[in-house]
Amino acid sequence: MISDERLLEQMAEGDQAAFEAFVHRYHVPIHQYTERLLKDSKKAEDVVQETFIRLLKQLKTKQIPTYPKAWLYRVASNICKDYWRSAQYRSEDTAKEELPVTVDQQASVVEIYERQETRKEMLTSLKSLSESQQQIVTLRFYQDMKLKEIADILDLPLGTVKSNLFHALKKLKGVLSKEAEKEAEKNEGTTQPGPRAVSTRR
């Protein structure tokens, strides 16, 4: 497989096939990452397109990123940050429809994430975290990145990434446990005892 660096070199020379290959390689991962941060597929697509546009602009100046993958995620992350700070974001209703979820109280937060990855509740629970924590958790558990990669992408010290991940998981586990308790109470309230059996013995 051609390396990212080689594809970018070919793109800088105007190779359309290299551009298509690079987009094919990263479009879906970047879109999944930004969609989980923004909770909006259309806005995520806008971020993806803007990310590749910025890449093309940089390549026109013959400046090829040293670590293309990290560069892409860093740019996408910064675009998301800009959106979060915008008046548009503050004026929009970001509430999402909730779905019922059952969580094993004994399960670790990592196991919960693996089982509930596609659930809207997991995405909603991320809103309890800071922007940096959201990005770190999403990159670690949804994009399966190593902590060193995350540090490079977010331009943070490795120790800061580890600390943020620890506190984020601790907070998430508390949020998920509360949601599980609420669901259990709701289920108990809707469960009615069945009719008692009538004995025919005399």
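Reading guide: rules and limits
Residues numbered from 1 in each chain as written. Predicted model: local features only at pLDDT ≥ 70, side-chain atom pairs only at ≥ 80, totals over all residues. Heavy atoms only, no water. Helix = DSSP H or I, 4+ residues; strand = E, 2+ residues; numbered from the N terminus. Contact = heavy atoms within 4.5 Å. Axes fitted to C-alpha atoms, helices over the stretch in contact; angles between N-to-C directions. Parallel < 35°, antiparallel > 145°, perpendicular 65-115°, else oblique. Left-handed = near helix turned anticlockwise from the far one by under 90°. Salt bridge = Lys/Arg side-chain N within 4 Å of Asp/Glu carboxyl O. Buried < 20%, exposed > 50% of the residue type's maximum accessible area, 1.4 Å probe, protein only. Core = buried A, V, L, I, M, F, W, Y, C linked by side-chain atoms within 4.5 Å. Expected span 1.5 Å × (residues − 1).

*Asks:* Is there a simple way to explain the environment of Trp84 in this structure?
*Replies:* Locating Trp84 in the fold gives a position in helix H4 (residues 68–85). Separated by 46 residues in sequence, Trp84 and Leu38 have C-alpha atoms that sit 8.5 Å apart.

*Asks:* Help me understand the side chain of Asn164 in this model?
*Replies:* Here Asn164 lies in helix H10 (residues 158–190). Every residue in contact with Asn164, bar those within four places of it in the chain, is listed here: Gln133 and Ile136.

*Asks:* What exactly am I supposed to notice about the packing of H4 against helix H9 (residues 147–154) here?
*Replies:* Running from N to C, H4 and H9 cross one another at 55 degrees; their axes reach a closest spacing of 8 Å. Here H4 is positioned oblique relative to H9, judged by the angle of their axes. The handedness of the crossing between H4 and H9 comes out as right-handed. Contacts between H4 and H9 involve Lys69, Ala70, Tyr73, Arg74 and Ser77 from the first element and Glu149, Asp152, Ile153 and Leu154 from the second.

*Asks:* It is not clear to me how unusual backbone geometry should be interpreted in this structure. Could you clarify?
*Replies:* In terms of backbone geometry, most residues other than glycine have negative phi values and most peptide bonds are trans. The backbone of Lys62 shows a phi angle near 65 degrees, a positive value even though the residue is not glycine. Mapped onto the fold, Lys62 is located in the loop between helix H3 (41–60) and H4. Even without being glycine, Asp155 reaches a positive phi, approximately 55 degrees. One can find Asp155 in the loop between H9 and H10.

*Asks:* Explanation requested: the pattern of salt bridges in the structure shown.
*Replies:* Side chains carrying opposite charge are able to pair once their charged atoms draw close together. Evaluation of the coordinates by the stated rule reveals seven salt bridges. When the shortest N-O distance is used, the salt bridge between Arg25 and Asp4 registers 2.5 Å. Residue Arg25 is found in helix H2 (residues 16–38), and its partner Asp4 is found in helix H1 (residues 4–12); the two are separated by 21 residues along the sequence. By relative accessible area, Arg25 is classed as partly exposed at 23%. One salt bridge in this structure joins Glu9 and Arg6, with 3.1 Å as the shortest N-O distance. Here Glu9 and its partner Arg6 are both found in helix H1, three residues apart, which amounts to about one turn of the helix. A relative accessible area of 33% means that Glu9 is categorised as partly exposed. Note on Arg6: relative accessible area 36%, which makes it partly exposed.

*Asks:* For this particular structure, what's the right way to read the nonpolar core?
*Replies:* Formed by 43 residues in total, the largest nonpolar core has its most connected members in Phe22, Phe52, Leu55, Leu72, Val137 and Leu139. Elements supplying a minimum of two residues to this core: H1, H2, H3, H4, helix H8 (131–142), H9 and H10. The leading source of residues in this core is H4, at ten residues. Apart from the residues lying within four places of it in its own chain, the contact partners of Leu55 are Leu8, Met11, Phe22, Pro65, Trp71 and Leu72.

*Asks:* Quick question: what am I supposed to make of H8 here?
*Replies:* Residues three or four positions apart in an α-helix share a direction because the helix packs 3.6 residues into each turn. Taking 1.5 Å per residue, twelve residues should reach 16 Å; H8 reaches 16 Å between its end C-alpha atoms and fits that length. Counting buried positions along H8 yields nine of twelve residues, so the element is predominantly enclosed. Among the residues making up H8, those that are buried are Gln133, Gln134, Gln135, Ile136, Val137, Thr138, Leu139, Phe141 and Tyr142. One or two positions beyond H8, positive phi appears at Asp144, with a value near 55 degrees.

*Asks:* How should I be thinking about the environment of Ser163 in this particular structure?
*Replies:* Mapping Ser163 onto the fold places it in helix H10. Sequence separation between Ser163 and Gln133 is 30 residues, and the spatial gap between their C-alpha atoms is 9.6 Å.

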